[in-house]
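Take a look at the letters that make up each chain.
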Amino acid sequence: MHIAIDVNDPSVAQKILHYLKSFKNEIAVDAFENDEEFEKNKQSLHTIYNSIKNSPENLHTLDTDFWDEMDSAIKNA
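The following refers to the structure shown. Within each chain, residues carry numbers counting from 1 in the order of the written sequence. Side-chain atom pairs in this predicted model are given and counted only at pLDDT of 80 or more, local residue features only at pLDDT of at least 70, and totals for whole chains, interfaces and linings cover all residues. The side-chain numbers reported here are obtained from all heavy atoms of the structure, hydrogens and water having been left aside.

1. Observations regarding the overall build of the protein chain
- Counting from the N terminus, the helices are the DSSP runs of H or I reaching at least four residues and the strands are the DSSP runs of E reaching at least two. Per the secondary structure count, the protein chain includes three helices and zero strands.
- Along the protein chain, helices (α) and strands (β) appear in the sequence α-α-α when read from the amino end.
- Taken over C-alpha atoms, the radius of gyration is set against a globule rule of 2.2 Å times the number of residues to the power 0.38. For 77 residues, the compact-globule formula gives about 11 Å, and the C-alpha radius of gyration of the protein chain, at 19 Å, lies well above that figure.
- Projecting the C-alpha coordinates of the protein chain onto the three principal axes gives extents of approximately 55 × 35 × 20 Å.
- The buried share of the protein chain, reckoned over its 77 residues, is 1%.
- Per-residue and other accessible areas were derived by the Shrake-Rupley procedure at a 1.4 Å probe size, with only the shown protein chains allowed to occlude residues. Accessible surface, the protein chain as shown: approximately 7,700 Å² in total, 53% of it carbon and sulfur. Relative accessible area decides the class of each residue, using a 1.4 Å probe on protein chains only: under 20% of the type maximum gives buried, over 50% gives exposed, and in between gives partly exposed.

2. Focus on the packing of aromatic side chains
- Each Phe, Tyr or Trp ring, with Trp reduced to its six-membered ring, pairs with another whose centre is within 6.5 Å; inter-plane angles below 30 degrees give stacked pairs, above 60 give edge-to-face pairs, and intermediate values give tilted ones. The tally for this structure, following the rule as stated, stands at two aromatic pairs.
- Seen from their ring centres, Tyr 19 and Phe 23 are 5.3 Å apart, and the 90 degrees between their planes marks the pair as edge-to-face.
- Take Phe 23: its relative accessible area is 29%, and that puts it in the partly exposed class.
- Aromatic pair Phe 66 and Trp 67: ring centres 4.9 Å apart, planes at 80 degrees, arrangement edge-to-face.
- Assessed through its relative accessible area of 29%, Phe 66 is described here as partly exposed.
- Assessed through its relative accessible area of 46%, Trp 67 is described here as partly exposed.

Written as structure tokens, this is what we have:
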């Protein structure tokens, strides 16, 4: 999973980076300032987001009931 965060305030950006780095080996943190690669990645993320958002598919949250039903189906298989 990738997460992109646009931050205009450097002090807020530092707080977010400090928090994320506390996860150590669980995540990799890459920070980019507005450069050509950043803009390309940003556009790519917006394109993916818009294609998902505007998709004719019906998206819904998978909740506990769904997982309980899946567990039951697996046990009964």
